[in-house]
Amino acid sequence: MAKTLDPKPPLDLQARLNRLLPNIRLLATPLPLVPELRLWLLDELVDERLDQEVANALMEAPPYWSLCWASGQVLARHLLAHPEWVRGKTLVDVGPGSGVVAIAAALAGARRVIACDLDPDALAATAANAALNGVSVALSDDLEACLSEADCVSAADILYDRDNLPLLERFHRSGLPILLADSRIPDLDPPGLTLLGTWQASTWPDLGEAGEYNRVRIFASEP
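Residues numbered from 1 in each chain as written. Predicted model: local features only at pLDDT ≥ 70, side-chain atom pairs only at ≥ 80, totals over all residues. Heavy atoms only, no water.

J.: How should the overall build of the protein be read in this particular structure?
T.: Check the secondary structure of the protein and you find 7 helices and 9 strands. Here the protein holds 223 residues, and 52% of them are scored as buried. Sequence-distant contacts in the protein: of pairs separated by 6 or more residues, those separated by 24 or more amount to 68%. For the protein, the computed accessible surface area is about 11000 Å², with 52% contributed by carbon and sulfur atoms. (Helix = DSSP H or I, 4+ residues; strand = E, 2+ residues; numbered from the N terminus. Buried < 20%, exposed > 50% of the residue type's maximum accessible area, 1.4 Å probe, protein only. Contact = heavy atoms within 4.5 Å. Areas by Shrake-Rupley, 256 points an atom, 1.4 Å probe, with all protein chains shown as cover.)

J.: I tried to follow the sheet that holds strand E3 (residues 90–94) on my own but got confused; where do I start?
T.: Through backbone hydrogen bonds, the strands of a sheet pair up, either in parallel or in antiparallel fashion. With mixed pairing, 7 strands are arranged side by side in an open sheet as E5-E4-E3-E6-E7-E9-E8. One side of each edge strand has no neighbouring strand; the edge strands of this open sheet are strand E5 (138–140) and strand E8 (194–200). Sheet twist, expressed as the mean angle between neighbouring strand axes with direction ignored, is 20 degrees. As paired strands, E3 and strand E4 (residues 112–116) are joined by 5 bridges and run parallel to one another. Bridging across to E4, Thr90 finds its partner in Arg112. (Pairing = 2+ DSSP bridges. Axes fitted to C-alpha atoms, helices over the stretch in contact; angles between N-to-C directions.)

J.: I would appreciate a short explanation of the nonpolar core in the present structure.
T.: In summary, soluble globular proteins display a tendency toward joint burial of nonpolar side chains. Leu31, Val86 and Val100 are the most contacted members of the largest nonpolar core, which has 35 residues in total. Within the residue set of this core, elements represented by two or more residues are strand E2 (38–42), helix H3 (70–81), helix H4 (100–107), E4, strand E6 (152–156), strand E7 (178–182) and strand E9 (215–220). Beyond its immediate chain neighbours, meaning those up to four positions away, Val100 contacts Leu31, Leu37, Leu39, Cys68, Gly72, Gln73 and Ala76. Ile114, Leu143, Leu176 and Leu180 belong to the second largest nonpolar core, which has 21 residues in total. (Core = buried A, V, L, I, M, F, W, Y, C linked by side-chain atoms within 4.5 Å.)

J.: So what exactly am I meant to see when it comes to the packing of H3 against H4 here?
T.: If you want to describe how two helices pack, look at the angle between their axes and the distance between the axes. It is at 8 Å that the axes of H3 and H4 come closest, and there the two elements cross at 5 degrees. By the angle between their directions, the pair H3 and H4 is classed as roughly parallel. Residues Gly72, Gln73, Leu75, Ala76, Leu79 and Leu80 of H3 form the contact with H4, whose participating residues are Val100, Val101, Ala104, Ala105 and Leu107. Considering only residue class, the contact of H3 with H4 consists of 9 nonpolar, 2 polar and no charged. (Parallel < 35°, antiparallel > 145°, perpendicular 65-115°, else oblique. Nonpolar A, V, L, I, M, F, W, Y, C, P; charged D, E, K, R; others polar.)

J.: For this particular structure, what's the right way to read the environment of Val74?
T.: Along the polypeptide, Val74 turns up in helix H3. Spatially, the C-alpha atoms of Val74 and Ala201 are 7.1 Å apart, while their sequence positions differ by 127 residues. Not counting chain neighbours up to four residues away, the residues in contact with Val74 comprise Leu33, Trp199, Ala201, Val216 and Ile218.

J.: I'm lost on unusual backbone geometry in this one. Help?
T.: A negative phi holds for most residues other than glycine; trans holds for most peptide bonds. Cis geometry is found at the peptide bond from Trp204 to Pro205, where omega equals -5 degrees. Mapped onto the elements of the fold, Pro205 is located in the loop between E8 and E9. In this structure, Asp157 takes a positive phi of about 50 degrees despite not being glycine. Its relative accessible area of 8% is what places Asp157 among the buried residues.

J.: How should the pattern of salt bridges be read in this particular structure?
T.: Close approach of charged atoms lets side chains of opposite charge pair. Per the counting criterion, the structure on display carries 8 salt bridges. Among the salt bridges present, the one from Arg16 reaches Asp12, with a minimum N-O distance of 2.8 Å. In this pair, Arg16 and Asp12 are both assigned in helix H1 (residues 11–18), 4 residues apart and thus about one turn of the helix distant. Since its relative accessible area comes to 44%, Asp12 is described here as partly exposed. Residues Asp43 and Arg25 are paired through a salt bridge, measuring 2.8 Å at the closest nitrogen-oxygen approach. (Salt bridge = Lys/Arg side-chain N within 4 Å of Asp/Glu carboxyl O.)

J.: Explain H1 here, please?
T.: For an α-helix the count is 3.6 residues per turn, leaving residues at separations of three or four pointing the same way. When we look at burial in H1, the residues that qualify are Leu13, Gln14, Arg16 and Leu17. Relative to the axis of H1, the buried residues are bounded by an arc of 155 degrees and lie together on one face. Looking at the buried positions of H1, the neighbouring elements they touch are strand E1 (26–30), E2 and helix H5 (120–132). (Arc of directions from axis to C-beta.)

Quick look at the structure:
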């Protein structure tokens, strides 16, 4: 039997990463919590000691889309386990990063999935990762237009920047059902949302973050 070769990353996506990290590759990587998905992620950082130049580059302008953050994994797993949240609906995933939640929603039976982000690199990564997993995800940088088309909205680990907190109010004003996953604000108690549960997960590749960032909570409004 012929050996199946690992796919090569899209040239455009690899070039986007190498503008920041010249010697780092993207690999099609299965996820610990969602092994049925693969994403184009940083190659083997978990097993290597980063040199100072690379570490500084990651701290100054991290390519968020080239890592799968803990909350994204947990929310993707949740959607695949509870497809009724999105089946037959249009979902807007805000701040998609690698696109893991958007891809899981498409696999869970969403009628349409829109990934919304102001970062063109994140949208490019979402498109490439959707193609890798054989699903279609629409892309947009216009939140108002997306919410006007949606039946529900999701977001994972967008609150690392407290300036993003007003997005929660905007989601509520839309009147849409909300799914929110967070591991960055330990005392988060978003009004109008109910805690569904707490899960343990890590960013992948694992950056060795403090344990507090491995505790993911999912909040939801009524569907």
